[in-house]
Amino acid sequence: MPNALVVFYSLDGDVRFLARTLAKELVLDSMELELVKPHPTHGFMKYFKGGLLAATGATPPLRPLAHDAAHYDLLFVGTPVWNSRPTPAVRTFLKSADLKGKRVAFFTSYGDNDVKTYRVLTSLVPGAKVVGHIGFKLPLKMDKEQCSADLVRWAKDLLNS
Ligand SMILES: Cc1cc2nc3c(=O)[nH]c(=O)nc-3n(C[C@H](O)[C@H](O)[C@H](O)COP(=O)(O)O)c2cc1C
């Protein structure tokens, strides 16, 4: 079984729920990415700033990381979809971590769709092997049990392949 790490950013809890499910069910290390300057959680600025930063490819600084990606063979990287793209925190992580030769799998949460997001995510890890992706529409509001089961089955397949 490969040594795997769950890395994620979440503002409203959907991706945090997915990441915690993965880490708990599969007994994996995990780390939540935190911005030095936290993103607004409410109001106009939440969406305006989030959409703008995601679209412009901003890489805001992160607080110190709990784990070193270099020590893992497989990374499960989770992000909400913002303006059809990954979140700035995840962009910062992917651009700063050395993921050459590693297997990377992406999981997302979205309100509408995540089609473009995977293309952007894949472009951010040119030296890595992207081995899979899965996305969920607002898992905390939808069928949490079904989302959890689908997510864990997907991840188990990757861990065993
Ligand atoms: C700034 C911002 C931009 C968003 N843009 C999109 C989008 O372009 N497409 C989409 O499907 N959902 C979009 N959403 C909805 C989120 O992807 C969705 O609520 C997601 O589940 C949030 O994950 P979280 O709870 O882990 O933060 C956006 C949300 C925010 C806050």
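Residues numbered from 1 in each chain as written. Predicted model: local features only at pLDDT ≥ 70, side-chain atom pairs only at ≥ 80, totals over all residues.

Trainee: Account for the packing of helix H1 (residues 14–26) against helix H5 (residues 144–160), with residues named and values stated.
Mentor: In contact at an axis separation of 10 Å, H1 and H5 are set at 55° when each is read in the N-to-C sense. Relative to H5, the element H1 is oriented oblique. With respect to the hand of their crossing, H1 and H5 are arranged in right-handed fashion. In contact with Leu18, Thr21, Leu22, Glu25 and Leu26 of H1, H5 contributes Ser148, Leu151, Val152, Ala155, Lys156 and Leu159. Looking at the contact of H1 with H5, its residues break down into 7 nonpolar, 2 polar and 2 charged. (Axes fitted to C-alpha atoms, helices over the stretch in contact; angles between N-to-C directions. Helix = DSSP H or I, 4+ residues; strand = E, 2+ residues; numbered from the N terminus. Parallel < 35°, antiparallel > 145°, perpendicular 65-115°, else oblique. Left-handed = near helix turned anticlockwise from the far one by under 90°. Contact = placed C-beta atoms within 7 Å. Nonpolar A, V, L, I, M, F, W, Y, C, P; charged D, E, K, R; others polar.)

Trainee: Could you give an account of the site of the ligand, with specific residues and numbers?
Mentor: In the region of the ligand, 22 residues are neighbours, and Ser10, Asp12, Asp14, Gly50 and Pro80 sit closest. Contributions of two or more residues to the shell around the ligand are made by H1, helix H2 (43–56) and strand E4 (103–110). At 4 residues, H2 tops the list of elements feeding residues into the shell around the ligand. (Near = placed C-beta within 6 Å.)

Trainee: Summarise the confidence of the model for the chain; cite the residues concerned and give the values.
Mentor: Taken over all residues, the pLDDT of the chain has a mean of 96, while the share at 70 or more is 100%. Interface confidence for the predicted complex, given as ipTM, is 0.99, next to a pTM of 0.98. (pLDDT = per-residue confidence, 0-100.)

Trainee: How would you summarise the sheet that holds strand E2 (residues 29–32) if you had to cite specific residues and measurements?
Mentor: Strand order across the open sheet formed by 5 strands is E2-E1-E3-E4-E5, with parallel pairing between neighbours. Every interior strand has two partners, whereas the edge strands, E2 and strand E5 (129–137), have only one. Across this sheet, the average inter-strand angle for adjacent strands is 15°, counted without regard to direction. In the sheet, strand E3 (residues 74–80) pairs with E4 via 7 bridges, with the strands oriented parallel. By the bridge assignment, Leu75 is partnered in E4 with Val104. (Pairing = 2+ DSSP bridges.)

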